[in-house]
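A structural walkthrough
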Amino acid sequence: MMMNYDNQTLKAMEFFLSFDQGKMTEALKLDSDELFIYVKFIDRIYAVKRDSGRIIVDGEEATCDEIMSILDIICSNMTIPDSVSKAEWASLSQIGGASARVNMGAIAKRLDPFEGDTLAMAKACENIGGRVRKGGDVSYVISVYEGIPCWLQYWEADDEYPASLNFLFDKDVLKYVHWATLENIMNAVCDRLASMA
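The present account deals with the structure reproduced in this document. Here, residues in each chain are numbered from 1, in the same order as that chain's written sequence. Only residues with pLDDT of at least 70 get local features here, since the model is predicted, and only at 80 or more are side-chain atom pairs given and counted; chain-wide, interface and lining totals rely on the full set of residues. To get the side-chain values, all heavy atoms of the structure are used, and hydrogens and water are removed first.

1. Description of the nonpolar core
Worth spelling out the cut-off: By convention a nonpolar core is built from buried Ala, Val, Leu, Ile, Met, Phe, Trp, Tyr and Cys residues, the set being connected through side-chain atoms within 4.5 Å. Each residue gets one of three labels from its accessible area relative to the maximum for its type: buried under 20%, exposed over 50%, partly exposed in between, using a 1.4 Å probe on protein chains only. In this description, contact between two residues means that some pair of their heavy atoms is separated by no more than 4.5 Å.
Counting residues in hydrophobic clusters, the biggest one holds 57 residues, and the most contacted among them are Ile74, Leu165, Phe167, Phe169 and Val189. Excluding its chain neighbours within four sequence positions, the residues that come into contact with leucine 165 are Met104, Ile107, Ala108, Leu111, Leu152, Gln153, Tyr154 and Cys190.

If you want it as C-alpha cells, here you go:
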C-alpha cells in the first residue's frame, strides 16, 4: 500500500517532467548535463534525473522531504529569490495566517540525537554553512537554497519545559515555495543536522 508521502512524491516528480528543463536550468542558473540537473540544497549537491524526477545525493536516493522540497523550489517559480541578506524574518503563523498549523513537536523529535548536547548541534549547523544568530540555545541561519534561508532556533529542555524548536523564514517565502513545502524543508534541515550527531 502506497503511503500519502510516497504518492505526493510521485506527483511532484510527474509535475517536474512537465516543465521545459532547458528554460528551468537557464532561469535558475542550475548546472546540468544530459542526465541530471544539479541543485544545491542545505549545503549539498543533489542530482535530479531529467527523465524521471528522481533525486540522488551522495550516491543514495533522496528522502521524500528532500524530493518534495527541491522539486517545489525549482518548479514553483522560475526566478532566484532575493539575497539571503535581505530576509525579513517571520514566524510560520505570520507567513501562513492564523489557521497555519505545523506539528513542531514532531519536527523537533528529529533532533533527539542531540539531546543534552547543544554544542554538537551548533557544530552541525556550522558544518552546513549556518551563521550563528542570537535567540535560543542553538540559533543559526541556514541557507536551504540560494535566496531561501531559514532561521532555526532551539531551546534545550530543562526542569520546567520540554525542548522547543522554532523556524523563521523570509516573510515572502511563499512566493517561491508552497506552504506545505515549508514543513518538508524543516524536516529536511533537522534530518540533515541529525545525520551529523
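2. Section: the pattern of salt bridges
Applied cut-off: A pairing counts as a salt bridge when a side-chain nitrogen of Lys or Arg comes within 4 Å of a carboxyl oxygen of Asp or Glu. Note on conventions: DSSP H or I runs of at least 4 residues are helices, E runs of at least 2 residues are strands, and numbering of each starts at the N terminus.
Applying the stated criterion across every chain, the model contains nine salt bridges. For arginine 44, the salt bridge identified is with aspartate 58, shortest N-O distance 2.9 Å. Linking arginine 44 in strand S2 (residues 44-49) with aspartate 58 in the loop between strand S3 (55-57) and strand S4 (60-61), this pair joins segments that are 14 residues apart in sequence. Judged by relative accessible area, which is 59%, aspartate 58 ranks as exposed. The salt bridge partner of arginine 110 is aspartate 65, with a shortest N-O separation of 3.7 Å. Note that arginine 110 is positioned in the loop between helix H5 (104-109) and helix H6 (118-127) and aspartate 65 in helix H3 (residues 64-76), a separation of 45 residues in sequence. Taken together, the salt bridges that share partners define one network made up of Arg44, Asp58 and Glu66.

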